[in-house]
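Inside the fold
Residues per chain are reported as follows:
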Amino acid sequence: MGVHDPVIDEQTPASDFTIEQRWDRYTTEEHAVWDTLYARQISILKNRAVDEFHHGLGLLDLGSGGIPDLSDINPKLKALTGWEVVMVPHLVPDDVFFDHLANRRFPSGRFIRKRSQLDYLEEPDIFHDIFGHVPMLTLPVFADYMQAYGKGGQRAQTMGRLKELARLYWYTVEFGLIQQAEGLRIYGAGIVSSAGETPFCLESDSPNRIRFDLERVMRTDYKIDDFQQVYFVIDSFDQLLDVTQQDFTALYERLGTDMTRFGLTDIIDADEVYHHGDQAYAQAAAAR
Ligand code: PHE
Ligand code: FE
């Protein structure tokens, strides 16, 4: 595990894997790391993240200084969309994760990265989980999508299609872009919590940017250890909720009988391409 957190170690998780935040136990340095990350992201997310994200930050007062106390943000979030944030020690098993989402509980890590790891860490920390994910949970349509995803996860598990459903999460909740009247904007939590990927995903010539298509996304690999080579762009949050409201049974059966899968740089005839990337970044990274 990446970061040692004694306040995690001293607790025995409940059966749903939750622990207490014990906010008083964060150190001055841990709060300062949050403030550094917060200030850095805010300065680059203007006109890059969707307005809904900035609005959510304000509604929850996430920039008031230091790591947020769940007892401050949960009453606000609950009143807005019925969601709350719960703390978990590390990544939780899939079924536990889905059960939390299906019940409008977002599981967040307690620990925060060290100052030496500001740019990269292997595990989601509280900055990624709260700064990245929670503002979007103030938006009713997105709040509904996340709950539907949790319920869908439970179904996908019984149908053996978890891998495909995980790709939907990856390319929307974590790395999603949206085409708005003002231009292309970020809503994915994995991007908004990353100083490098925030400008990269919108402005670099390297990655592909392709209009979102549910089945295409479910057939596409992803990589977890570097900037994405392809982003999928939704038209609106209503569209995202609409296309995922349909029963996936027929889609899952198709994914099981037609094993066509796409690589990270593939462009197919059916794609509506916003930007055909030159993959220069990925090639340079591979040569290193
Ligand atoms: N509609 C999906 C199903 O039938 C559930 C789902 C909703 C999955 C939203 C992802 C996102 O399984
Ligand atoms: Fe995440």
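An account of the accompanying structure is given in this report. The structure presented is a predicted model; accordingly, all values stated were derived computationally and were not measured.

Some thoughts on the layout of surface pockets
The gaps of empty space that remain are located by a probe, the size of a water molecule, rolled over the atoms. Counted as a void, the largest pocket has a volume near 1,300 Å³. Surrounding the largest pocket, 45 residues form its lining, Glu 122, Pro 124, His 128, Trp 170 and Glu 174 being those nearest its centre. When residues of the lining of the largest pocket are traced back to their parent elements, those giving at least two are α5 (94-102), β2 (105-109), α6 (126-133) and α8 (162-174). Residue composition of the lining of the largest pocket, grouped by class: 23 nonpolar, 10 polar and 12 charged. In this structure, the second largest pocket encloses a volume near 240 Å³. For the second largest pocket, the lining is made up of 14 residues, of which Ala 148, Gly 152, Thr 244, Gln 246 and Phe 248 are closest to its centre. Mapped onto the lining of the second largest pocket, the elements with two or more residues apiece are α7 (140-158), α8 and α12 (237-245). The element best represented in the lining of the second largest pocket is α7, accounting for 6 residues. A per-class count over the lining of the second largest pocket returns 7 nonpolar, 4 polar and 3 charged.

A word on empty space enclosed by the protein
Going through the model one piece at a time under the given rule, you end up with 3 cavities of 30 Å³ or more. Its volume calculated, the largest cavity comes out at about 40 Å³. Lining of the largest cavity is provided by Gly 132, His 133, Met 136, Leu 137, Phe 142, Met 146, Val 173, Tyr 187 and Ala 189. Every element with two or more residues in the lining of the largest cavity is listed here: α6 and α7. Taken together, the residues of the lining of the largest cavity break down into 7 nonpolar, 2 polar and no charged.

How each quantity is defined
Residue indices follow the written sequence of each chain, beginning from 1 at its first position. Both sets of labels track the order of writing: A upward for chains, 1 upward for ligands. Only residues with pLDDT of at least 70 are given local features in this predicted model, and only at 80 or more are side-chain atom pairs given and counted; all residues enter the totals for whole chains, interfaces and linings. To obtain the side-chain values, all non-hydrogen atoms of the structure were used and water was disregarded. Put plainly, a pocket is an open set of points on a 1 Å grid over the protein atoms alone with protein on both sides within 12 Å along at least five of seven lines, a cavity is a set where a 1.4 Å probe fits but cannot get out, and a lining residue has an atom within 4 Å of a point. Grid points are joined across faces, edges and corners, and a volume is the space filled by probe spheres set on the points. Secondary structure elements follow DSSP: runs of H or I no shorter than four residues count as helices, runs of E no shorter than two count as strands, and numbering proceeds from the N terminus. Note on residue classes: Ala, Val, Leu, Ile, Met, Phe, Trp, Tyr, Cys and Pro are nonpolar, Asp, Glu, Lys and Arg are charged, and everything else, Gly too, is polar.

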